[in-house]
Amino acid sequence: MTTEFNELLPVAPGDRVQVWIVGDRDQVLPVMNEFYVKKIANDRLKFTPIIPAPFASGKYMRVLVR
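All values reported here derive from a predicted model rather than from experimental measurement.

## A short note on a nonpolar patch on the surface
- Taken together, the side chains of Trp20, Val22 and Phe55 define a hydrophobic patch exposed on the protein surface, amounting to about 290 Å² of accessible area.
- Tracing the backbone through its elements, the reader meets Phe55 in the loop between β2 (51-52) and β3 (60-65).

Structural data, given as structure tokens:
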């Protein structure tokens, strides 16, 4: 990643790891379910609600906080 992009995503020490799933609504939901089935996420409540991606028009995102 570039330095400019890193500056846009400030992470404080001690913050939890995040996995961002970005895509069309029809892409994001199955990937979230796949993470749950493959036990990458042990609870669906660890995902944020699906929201429009602020940096990509027409795309949606969910964030898994581990």
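What follows picks up the thread again.
## Focus on the packing of aromatic side chains
- What the rule picks out here adds up to two aromatic pairs.
- Measuring from centroid to centroid gives 6.5 Å for Phe35 and Phe47, while their planes differ by 45 degrees, and the two rings are tilted. Of this pair, Phe35 sits in helix α2 (residues 25-37) while Phe47 sits in the loop between α2 and β2, and the two are 12 residues apart along the sequence. As far as burial versus exposure is concerned, Phe35 and Phe47 are alike and both buried.
- The residue whose ring lies beneath Arg25 is Tyr60, and the NZ or CZ to ring-centre distance is 4.5 Å.

Each value, and the rule that gives it
- Residues numbered from 1 in each chain as written.
- Predicted model: local features only at pLDDT ≥ 70, side-chain atom pairs only at ≥ 80, totals over all residues.
- Heavy atoms only, no water.
- Patch = residues over 30% accessible without salt bridge, like charges linked within 9 Å, V, L, I, M, F, W, Y side chains within 5 Å.
- Areas by Shrake-Rupley, 256 points an atom, 1.4 Å probe, with all protein chains shown as cover.
- Salt bridge = Lys/Arg side-chain N within 4 Å of Asp/Glu carboxyl O.
- Helix = DSSP H or I, 4+ residues; strand = E, 2+ residues; numbered from the N terminus.
- Phe/Tyr/Trp six-rings, centres within 6.5 Å; stacked < 30°, edge-to-face > 60°.
- Buried < 20%, exposed > 50% of the residue type's maximum accessible area, 1.4 Å probe, protein only.
- Lys NZ or Arg CZ within 6 Å of the ring centre and 35° of its normal.

Keep in mind these values describe shape, not function.
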